Amino acid sequence: MLDHKSPTPHMPCTSRRKFLKILGGVSALSTIPSQSFANIQQPRELGLSLLNLHTGESLKSTFFSEGSYLNESLNDLNFLLRDHRNNQVHQMDRQLLSLLHDLQQQFGADKPLHIISAYRSPETNEKLRANSKKVTKKSYHMKGQAIDIRIPGIPLKELHQASLEKRAGGVGIYSKSDFIHLDVGRVRSWGV
């Protein structure tokens, strides 16, 4: 038991250095205005500008703001990205929407993404499979987890490369049809 008159026990040098580093870090943090902490904790806004090439409909919408998804905006996006062949609407994966936002920001937010295909109903997917070997039976399109896009003025190979670098899921390039496929399944790639 220590009393006030006894000397303080000797701290090993390395422990004392660690303690001083921690103390220095805490005092450095105390000099940052509290508003800066609020900025660190607040998530950014996420939005999209889209043009559905089959319906001609366009939408510019913020779907995430102040830490929350905005249901009305998500519903608008789901409608725009519906199966245009039978008007079936499906909830699009939020991770996919965030990936699209990141790509759009990278290539210039003023350029709308051109949507070739987004949600596909099982009926539509089956019809497309009957006409093409490139359409899979268990397509991520049927889950609202895939989309086929292009960005006007952006070379397809650049968009493809940027998408691969995100490592967010599957990325396919269809050069002859001038679009890339994105999904939020396992990371993989195909096409030339």
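Predicted, not measured: the structure shown is a model, and the values here were computed from it. (Residues numbered from 1 in each chain as written. Predicted model: local features only at pLDDT ≥ 70, side-chain atom pairs only at ≥ 80, totals over all residues. Heavy atoms only, no water.)

### Let's talk about the confidence of the model for the chain
Averaged over the chain, the pLDDT score is 85; the fraction of residues at 70 or greater is 78%. The spread of mean pLDDT over the elements of the chain runs between helix α2 (residues 34-41), the lowest at 44, and helix α3 (residues 71-80), the highest at 98. Scored below 50 in pLDDT, residues 1-11 makes 3 contacts in the model with residues more than four places away or belonging to other chains. (pLDDT = per-residue confidence, 0-100. Helix = DSSP H or I, 4+ residues; strand = E, 2+ residues; numbered from the N terminus. Contact = heavy atoms within 4.5 Å.)

### A closer look at the side chain of S73
In this structure, S73 sits in helix α3. Judged by relative accessible area, which is 13%, S73 ranks as buried. Apart from residues no more than four positions distant in its own chain, S73 is found in contact with S61, T62 and F63. (Buried < 20%, exposed > 50% of the residue type's maximum accessible area, 1.4 Å probe, protein only.)

### Describing the nonpolar core
Core analysis: the biggest nonpolar cluster contains 33 residues, and L81, I147, I149 and L182 have the highest contact counts within it. Among the elements that take part in this core, helix α4 (residues 94-107) stands out by supplying 6 residues, more than any other. The contact partners of I147, leaving out residues within four places of it in the chain, are L81, L96, L100, I115, S117, A118, H141, I180, H181 and L182. (Core = buried A, V, L, I, M, F, W, Y, C linked by side-chain atoms within 4.5 Å.)

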